[in-house]
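# Per-entry structural report
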Amino acid sequence: MAGWMFTARSLQQPAGILPPRCLPGYKPGNAFPSPAYAEAKDDSMAIERTFSIIKPDATARNLTGAINAMIEQAGLRIVAQKRVRITREQAQTFYAVHRERPFFGELVDFMISGPVVVQVLEGENAIAKYRDIMGATDPAKAAPGTIRKTHSKSIGENSVHGSDAAATAAVEIAQFFSGNEIVG
Ligand code: ATP
Ligand code: MG
């Protein structure tokens, strides 16, 4: 993106008019390059998207805003968001990688026990950065200042999910959002 003269703010245009696909930073569903892309100074800055869930233990305790404040203060942008009750089938599909683990049934029961907030986060190295902000799976082992250390009750009821790699982020985002629901 070296030499790119545009910024998101300089590209404001009437609602409903989509930019040409050749515009730097263009992605389907974005009206114009998102601020994260505009802030990227050169190609060495990897702007990524990751998938986030605020889990039922956190929505039950009214922590959605507190958790999202930690996410935003760390520099990640919430570019898609909805509060939903997921079905048993959705939870089983989402955590299928763990289906042989002894805690799988308990995990699925927990994920459908109340509302969750599913989100797409965008920013530089978003996948690893969000994992850092979340902290270790077991809140007792999570670093001070992380979401799980600050808010989570137990290794099972640990308040947040974050994708662990680019490939899983793409699959997880596609399970819950269509392209035009993601607005950078
Ligand atoms: P997530 O995938 O939700 O972001 P994670 O990647 O930190 O969490 P995983 O190993 O993928 O951890 O486990 C998925 C989820 O399963 C955990 O977040 C937690 O809710 C639950 N879980 C993991 N280990 C245990 C356990 N030993 N006992 C009960 N629940 C567990
Ligand atoms: Mg995981």
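Scroll up a little and you will see the structure.
### Considerations on the pattern of salt bridges
For the coordinates displayed, the defined rule picks out five salt bridges. Put simply, R49 and E122 hold a salt bridge, and the shortest N to O gap is 2.8 Å. Of this pair, R49 sits in strand β1 (residues 47–54) while E122 sits in strand β3 (residues 116–124); the two residues are 73 residues apart in sequence, bridging distant segments of the chain. Look at R49 and you get buried, because its relative accessible area is 15%. The salt bridge partner of D109 is R88, with a shortest N-O separation of 3.1 Å. Here D109 is found in helix α5 (residues 104–111), whereas its partner R88 is found in helix α4 (residues 88–94), with 21 residues between them in sequence. Residue D109 is classed as partly exposed on the basis of its relative accessible area, which comes to 40%. Owing to a relative accessible area of 36%, R88 belongs among the partly exposed residues under this scheme.

### Some words on the nonpolar core
Ranked by size, the top nonpolar core spans 21 residues in total, and within it F51, M111 and F177 carry the most contacts. Going through the elements one at a time, β1, β2 (77–84), α4, α5, β3 and α8 (166–176) are the ones with two or more residues in this core. Of all the elements, α5 adds the most residues to this core, at five residues. For F177, the contacting residues outside a window of four places in its chain are F51, A80, Q81, K82, V118, Q119, V120 and I182. Judged by nonpolar contacts, the second largest core, of 15 residues, contains M70, A126, I133 and I147.

### Section: helix α3 (residues 64–73)
Within α3, burial applies to T64, I67, N68, M70 and I71. Here the buried residues of α3 occupy an arc of 150° about the axis, which is enough to place them on one side. Exposed positions of α3 whose direction lies more than 90 degrees from the buried face are G65 and Q73. Residue G75 follows α3 closely and has a positive phi angle near 100°.

### Looking at the packing of aromatic side chains
A full pass over the atoms with the stated rule returns five aromatic pairs. The interplanar angle of 55° and the centroid separation of 5.7 Å between the aromatic rings of F51 and F94 together place this pair among those described as tilted. Taken together, the positions of F51 in strand β1 and F94 in helix α4 put the pair 43 residues apart, joining distant regions of the chain. Using a relative accessible area of 0% as the deciding quantity, one classes F51 as buried. A relative accessible area of 10% means that F94 is categorised as buried.

Calculation criteria
Residues numbered from 1 in each chain as written. Chains lettered and ligands numbered in written order. Predicted model: local features only at pLDDT ≥ 70, side-chain atom pairs only at ≥ 80, totals over all residues. Heavy atoms only, no water. Salt bridge = Lys/Arg side-chain N within 4 Å of Asp/Glu carboxyl O. Helix = DSSP H or I, 4+ residues; strand = E, 2+ residues; numbered from the N terminus. Buried < 20%, exposed > 50% of the residue type's maximum accessible area, 1.4 Å probe, protein only. Core = buried A, V, L, I, M, F, W, Y, C linked by side-chain atoms within 4.5 Å. Contact = heavy atoms within 4.5 Å. Arc of directions from axis to C-beta. Phe/Tyr/Trp six-rings, centres within 6.5 Å; stacked < 30°, edge-to-face > 60°.

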